Amino acid sequence: MEWPTTAVEAIAVQEELRGHVDLTDVGKTPRYVAGLDVAYDGDRLAAAVVVLDRDTLAEVDRAVVRGETTFPYVPGLFAFREVPALLAALEQLGTTPELLVCDGQGLAHPRRFGLACHLGVLTGIPAIGAAKTTFVGSHGELAREGGATAELVDGGEVVGAAVRTQDGVKPVYVSVGHRVSLRTAIDHVLRLAPRYRLPETTRLADRACREGLSDG
DNA sequence: GCGACAG
DNA sequence: ATCTTGTCGC
């Protein structure tokens, strides 16, 4: 299947690949968890993947690649803008991540195929989405305490969860990407965010890709 | 028809 | 995503 150029083609790709999403939890606890993010400066971009030890949260590897945008930002087709560069970064890694923590949605997407599903299906690696804001779906109030969660519902189905990682902070939106259950995805996010609102994986990946832009 | 709309 | 100072709170 060719890489799409138009929105119509891109949607067709999503409809095709969505059938490859595996909703079964891999069961095995990952040791190497990766955070992925992309930064932009006009048409220039830098994609970063930072791998952390799941228990100590210590960085064990990272890769940053620079390039240019090949697809515009279109709500619902966000993955086509970031996937090429992120796959390139993943290939430069000297380590194979066992979990991808993506900066965006997984199943919490209009066609149930957000960035996390896309990267998961293409790599075969378990993946989850951890977004700063919702895209589709709504949820009820959640307790003020860190660890509180609320189902994210869209079209009558649970597509993810609003997760409060720290007391009083705005929730992070977690959804399944590939080969991980929602419960496991939530547990991973809470464990990866012991101090700040966002998981350490996304915080480090965010810093890494920004640096990759400036010193490039 | 009018907004909303991951990053 | 990115443009952007000070400011309220712990």
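Residues numbered from 1 in each chain as written. Chains lettered and ligands numbered in written order. Predicted model: local features only at pLDDT ≥ 70, side-chain atom pairs only at ≥ 80, totals over all residues. Heavy atoms only, no water.

Each helix and strand in chain A was counted, giving five helices and eight strands. Helices (α) and strands (β) of chain A occur, in sequence order from the N terminus, as α-β-β-β-α-β-α-β-β-β-β-α-α. Whereas a compact globule of 216 residues would reach a radius of gyration of roughly 17 Å, chain A reaches 16 Å, a difference of no more than 12%. For the C-alpha atoms alone, the extent of chain A along its principal axes is close to 40 × 40 × 35 Å. When burial is assessed residue by residue, chain A has 52% of its 216 residues classed as buried. A total of about 9,700 Å² of accessible surface is found on chain A, and carbon and sulfur atoms cover 48% of it. Charge separation in chain A, taken as the distance between the mean sites of 22 positive and 29 negative side-chain charges, equals 5 Å. (Helix = DSSP H or I, 4+ residues; strand = E, 2+ residues; numbered from the N terminus. Rg over C-alpha atoms; globule rule 2.2 N^0.38 Å. Buried < 20%, exposed > 50% of the residue type's maximum accessible area, 1.4 Å probe, protein only. Areas by Shrake-Rupley, 256 points an atom, 1.4 Å probe, with all protein chains shown as cover. Lys, Arg positive; Asp, Glu negative; His and termini not counted. Charge placed at Lys NZ, Arg CZ, Asp CG, Glu CD.)

As a further point, take the pairing of strand β3 (residues 59-68). As judged from the nine bridges shared by strand β2 (residues 44-53) and β3, these two strands associate in the antiparallel manner. Paired with V49 across the bridge in β3 is A63. (Pairing = 2+ DSSP bridges.)

With that settled, consider the side chain of R81. The residue R81 is located in helix α2 (residues 79-92) in this model. The side chain of R81 is buried and forms no salt bridge, while E82, the nearest opposite charge, is found at 5.8 Å. Those residues in contact with R81, other than ones at most four positions away along the chain, are Y40, T69, F71, P72 and Y73. (Salt bridge = Lys/Arg side-chain N within 4 Å of Asp/Glu carboxyl O. Contact = heavy atoms within 4.5 Å.)

Another aspect to go through is the protein's contact with DNA strand B. Within the structure, DNA strand B sits among 16 residues, and Y73, F78, Q105, K132 and T133 are positioned closest to it. Sugar plus phosphate: this is where 47% of the atoms of DNA strand B within 4 Å of the protein reside. Taking Y73, its side chain carries an N or O atom lying 2.5 Å from a phosphate oxygen of DNA strand B. One of the backbone nitrogen or oxygen atoms of G76 is found 3.2 Å away from a base nitrogen of DNA strand B. Residue composition of the surface near DNA strand B, by class: seven nonpolar, six polar and three charged. (Near = heavy atom within 4 Å. Polar contact = N/O pair within 3.5 Å; in protein donor to acceptor, adjacent residues only side chain to side chain. Nonpolar A, V, L, I, M, F, W, Y, C, P; charged D, E, K, R; others polar.)

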